[in-house]
Amino acid sequence: MKMNEELKQKMREVLQERYGVDIEEAVCRYSTQNYAFIFREKPYMIRVSISPKKTRKEILSELMWVDDLKPFKQTICEPNESLNGFFLEEFEIDGRLYRASMFRTARGNIKLTTEMKPMFFICVGDLLGAIHHASSNERELGIQYSRKKMSDNFEELRNRVKEHIPPEIEGRILAVQKEVDSLPEELGRYGICHGDFHINNFFVEENNIWLFDFDGCTYANYMYDVASFVQACFLMGYKAGEDCRKVLYEDILPYFKTGYELNKECDGHYWDHLELFLTYRTAIAYMSLLEIDECGVVDNLEHIRRFLGYIISQDNALDAMTTALKRQAAGQ
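Because the structure is predicted, anything quoted here is derived from the model rather than measured.

Thresholds, definitions, all that
Here the residue numbering is sequential within each chain, running from 1 through the sequence in written order. For this predicted model, a pLDDT threshold of at least 70 governs which residues receive local features, and a threshold of 80 or more governs which side-chain atom pairs are given and counted, while totals over whole chains, interfaces and linings are taken from all residues. Excluded from the side-chain calculation are hydrogens and water; included are all heavy atoms of the structure. Each helix is a run of H or I in the DSSP string that is no shorter than four residues. Each strand is a run of E no shorter than two, and both are numbered from the N terminus. It is over C-alpha atoms that the radius of gyration is taken, and the globule rule equals 2.2 Å times the number of residues to the power 0.38. Each residue's exposure class comes from its accessible area (1.4 Å probe, protein chains only) as a fraction of the maximum for that residue type: buried when under 20%, exposed when over 50%, partly exposed otherwise. We call two residues contacting when some pair of their heavy atoms lies within 4.5 Å. Accessibility throughout is a Shrake-Rupley quantity obtained with a 1.4 Å probe, and a residue counts as covered only by protein chains that appear here. One requirement defines pairing of two strands: DSSP has to find at least two bridges between them. Expected span of a helix: the number of residues minus one, times 1.5 Å. Any N or O atom pair separated by 3.5 Å or less is treated as a polar contact, with the protein-specific requirement of one donor-capable and one acceptor-capable atom, and with residues adjacent in sequence counted only for side-chain atom pairs.

Caption draft 1: Representation of the overall build of the protein within the structure. Each helix and strand in the protein was counted, giving ten helices and ten strands. What you see for the protein is a C-alpha radius of gyration of 20 Å, in line with the 20 Å of a compact globule of 332 residues. Each of the three principal axes of the protein carries a C-alpha extent, and together these read 55 × 40 × 40 Å. Relative to its 332 residues, the protein shows a buried fraction of 51%. Counting only contacts in the protein whose residues sit at least 6 apart along the sequence, the fraction spanning at least 24 positions is 71%. Accessible surface, the protein as shown: approximately 15800 Å² in total, 47% of it carbon and sulfur.

Shown next as structure tokens:
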């Protein structure tokens, strides 16, 4: 999706003044909430938030947490200061507020699903386990970041789009929401999460996983991050045409758990709610697509809405995903 040229030139002047770089030399990637300016062969990128949904305090908390994660994992893409010495720069263009941050660029590239091998899942698990260990450690120390709970975000999103949700899907969403909200916020299982942990938000450099885009960081059950990764693997085509349940429990999870448990202590019931959070993550994706007309990730919004809606409406997300993906492959 191409950025408006007039806006780009105005933003170019501001960012050149604040960061000393020219976004004409960058590739611009656009999502529903952010512009990301990726500089080729440069060790940094700039993210500009175009949504007023998050407060200044929330964004600063995101940057603080990313900075705090660095001692636990070197492949976290930490924030860099502007020329003014700020992690967060605010400015207005045509009466609209924008917030910009500079981050270290990830090394490597997005991993194709056809290239995913056991070692990849071990390395991803190792990274996420380190993040969740850090989160547990910070919560135990009493550190609190100004980020919302996932349950609050879910409720706010549902209320915004509820008039567009078909009754049969709404009932299922409410049931899943109730089940998730009933889970205790236990130390070791609940804390600040990445919030959007999937294969388009990290680059792979041999056995190193470089993680970025912490814009969605939130307080949630750690299984939400795991579910986000698993769901993305399937939706991006990993083992396309095969039974998702078999693939998850035989090809993904054993290796992922091996890496994850190198850093994060897990008891025998730690993974019990993974399938619940797969449905929960799908519900969030479905509702998010209901409140937008276009985005930089999905071309056919109505098709993907129907696809996700079908998965939510069924009793089991994994089995429904298998059926939905097979229908999609058959052009149905």
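Still more to cover.
Caption draft 2: Structural context of the pairing of strand S3 (residues 44–49). Where burial is concerned, most of S3 is hidden: six out of the six residues are buried. Side chains Tyr44, Ile46 and Val48 project from S3 onto one buried face, and the interleaved Met45, Arg47 and Ser49 project onto a second face that is buried too. Where strand S2 (residues 34–39) and S3 come together, five bridges link them in antiparallel fashion. If you follow isoleucine 38 over to S3, its bridge partner there is methionine 45.

Caption draft 3: Region of the structure containing helix H2 (residues 56–69). In this model H2 runs 20 Å from its N-terminal to its C-terminal C-alpha over 14 residues, within 8% of the 20 Å that 1.5 Å per residue would give. Listed as buried for H2 are Glu58, Ile59, Ser61, Glu62, Leu63, Trp65, Val66 and Leu69. On the buried face of H2, the contacting elements are S3, strand S4 (79–80), strand S6 (96–104), helix H3 (118–141) and strand S7 (190–193).

Caption draft 4: Examining helix H10 (residues 317–329) more closely. Counted at 1.5 Å a residue, the expected span for H10 with its 13 residues is 18 Å, and the 18 Å between its end C-alpha atoms agrees. All of the buried residues in H10 are Ala317, Leu318, Ala320, Met321, Thr322, Ala324 and Leu325. Contacts from the buried residues of H10 go to helix H6 (223–235), helix H7 (244–260), helix H8 (274–290) and helix H9 (301–313). A distance of 3.1 Å separates the backbone nitrogen of leucine 318 from a side-chain oxygen at the start of H10, and that oxygen is part of asparagine 316.

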